[in-house]
Amino acid sequence: MAITKPTRRRFIASSAALGAVATFGPYMSFAQAQSGNSLTVRFYGALDSLDPGYNVGGSPDNDVLWAINPALVHFGKKDGQLTYRPTAYVESITERDPTHIDFTLKPGFQWTNGFGELTAEDVAYSYDRMSTSEWKGFFEAFETVEVKDKYSGTIVMKTPFAPFIVSTLSSGTGVILSQKATESVGGKFTTDMPATCGPYLYEWKQKQWVKLRPNPEWTGPKPAYDNIDCIFITEDTAAALAYEAGEVEVTKIVPQTYARYKESPPPDSKLEVAGALQYMWMGMNTENPKLKDMKVREAIQYAIDRDAVVQGAYGGTVEPSYGVVCPGLVGKRDQSQYSYDPEKARALLAEAGVSGLELTLRTLNNQERVLTAQIIQANLADVGITVKVIPLDSGPFWEMGQESKGDTWKDLELWIMRYGAGTDPYEPFQWFKRDQVGIWNWERWSDDEFEELYQKGISVTDPDERNQIYIRMQEIMEQTGAYVWLAHEPEVYVHRASVDVDFAPSGEMQLLYFKPAG
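## Description of empty space enclosed by the protein
Tallied over the entire structure, the rule returns two cavities of 30 Å³ or more. Volume-wise, the largest cavity comes out at about 40 Å³. Considering only residue class, the lining of the largest cavity consists of five nonpolar, one polar and two charged. Of the voids in this model, the second largest cavity is the one considered here, and its volume is about 30 Å³.

## Concerning the nonpolar core
With 105 residues, the main nonpolar core has L72, Y127, I155, M282, I300 and F432 as its most contacted residues. Look past the residues within four positions of F432 in its chain and what remains in contact with it is Y279, W281, V324, Y419, N441, E443, W445, F450, M477 and Y483. In terms of nonpolar packing, the next biggest core, distinct from the first, is built from 35 residues, W66, Y202, Y225 and A274 among them.

## Here we look at helix 15 (residues 463-479)
For helix 15, spanning 17 residues, the distance from its first C-alpha to its last is 24 Å, which sits close to the expected 24 Å at 1.5 Å a residue. For helix 15, the set of buried residues is R466, I469, Y470, M473, Q474, I476, M477 and E478. Buried residues along helix 15 sit in contact with helix 9 (294-303), helix 14 (448-459) and strand 18 (483-488). Sitting at the amino-terminal end of helix 15 is D462, which places a side-chain oxygen 3.3 Å from the backbone nitrogen of D464.

## Focus on the environment of N285
Relative to the assigned elements, N285 resides in the loop between strand 13 (278-284) and helix 9. Each C-alpha atom, one on N285 and one on G422, is 26 Å from the other, the two residues being 137 residues apart in sequence. Non-local contacts of N285, meaning those with residues more than four positions away in its chain, are made with L291, W409, L412, E413, W415, W442, E443 and R444. From its side chain, N285 meets the backbone nitrogen of E287 in a polar contact 3.0 Å long.

Definitions and cut-offs
- Residues numbered from 1 in each chain as written.
- Predicted model: local features only at pLDDT ≥ 70, side-chain atom pairs only at ≥ 80, totals over all residues.
- Heavy atoms only, no water.
- 1 Å grid on protein atoms, 1.4 Å probe; cavity = no way out; pocket = protein on both sides within 12 Å on 5 of 7 lines; lining within 4 Å.
- Points joined across faces, edges and corners; volume = space filled by probe spheres on them.
- Nonpolar A, V, L, I, M, F, W, Y, C, P; charged D, E, K, R; others polar.
- Core = buried A, V, L, I, M, F, W, Y, C linked by side-chain atoms within 4.5 Å.
- Buried < 20%, exposed > 50% of the residue type's maximum accessible area, 1.4 Å probe, protein only.
- Contact = heavy atoms within 4.5 Å.
- Helix = DSSP H or I, 4+ residues; strand = E, 2+ residues; numbered from the N terminus.
- Expected span 1.5 Å × (residues − 1).
- Polar contact = N/O pair within 3.5 Å; in protein donor to acceptor, adjacent residues only side chain to side chain.

What follows is the structure, encoded as structure tokens:
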């Protein structure tokens, strides 16, 4: 990267970049060693699990899974519109009618570690398994896979659900596993997959790197890049500096960096908004003794200034949120039932007889979330609530509300959360159902009307009716007092102009389809 005029700002940035190289140690040499058809990208978090039924999802889990394991379809675009594309594993896939999807696999794809050929039985096993997993909400309309022969079968739906292929099969939930390999390790695994079947093999060192290398058993089309090195850089400022120093060729950037790059982009670079299917809120544990009183939760809702978060933490680069349905989807709200009103917050606390309240607020340890937490901390201090902000790395953060991961959920009070959504509005609601309490419904409430509307929303096809269903469901969520809606964050990447990139609408990298530009 040429520097034509040395300035104090450039000197500081260069010094910080050198510090980043020192901090990130051995894997920063990847970029320096690259030549030919190799690529270096940044991962912003550690691997959680490569088991599609029992992981956090999103990046980097799905980025890796799509590169090493089969799926029937992947996300695609046609004439600027989101669609799906059959993968290299598929001879054909056809929506025969609203409840039947026929597919035929190409023969000859081999699982690693001697687990044989990819078959329709693997597809049936994988989808049946997903329908009872932590991601079962994506399979609410799914009934079974009827296997016809070694390579072909029919996906049978309980009810018509048009977005199933794009919403479920194209995302990480559509990844196929080897039945024999998965059963050989007891039916579950984490980051060590018992067998893969993709153009790449992977090796990894937690919190440092993932290396994708050619699979010698692969018989499908060869990806454009032989080697892809994915380095973990959790600190967003360091990632931007590493990009500017030429150490990575593709990285996700945060809104403040996005605003800066829009004004003055790095040389030979392009910006890409992968999508805005994210919804962020501050949650409250309705079972915590300090927050059991509805009036206390309502007071907190009225005490927080959403606009201050949008401007102060994100520089105005995000859209304010009024629920879990993202921009552009049926059911998106443009207002909530509460607004910023510190006087009302104080009155509610007085009605509840609460004073001197002290709470903890947990958040992922990145710049925007910590800034958000600090704004909320100041807002709540203004109404007499003292808040201790607790920044956490991704591992302990994503485990804190899950009963299966320990007892931290018992102490949860407030937290800042962001989930990714898909291309249909039913998806975000699955995480707040009754059966998700202690898994992903950390607010720990349930409601009969909400459960009924969830099922109805899947089967109804009329857009106006679905719109009313999802607006009502968000009203129910809000009326628990457990949610303060904050923002819809865009997923933005910067990349070398010499690289053609390909992203899922939820922001993950479809590395299989990255290629040199031109």
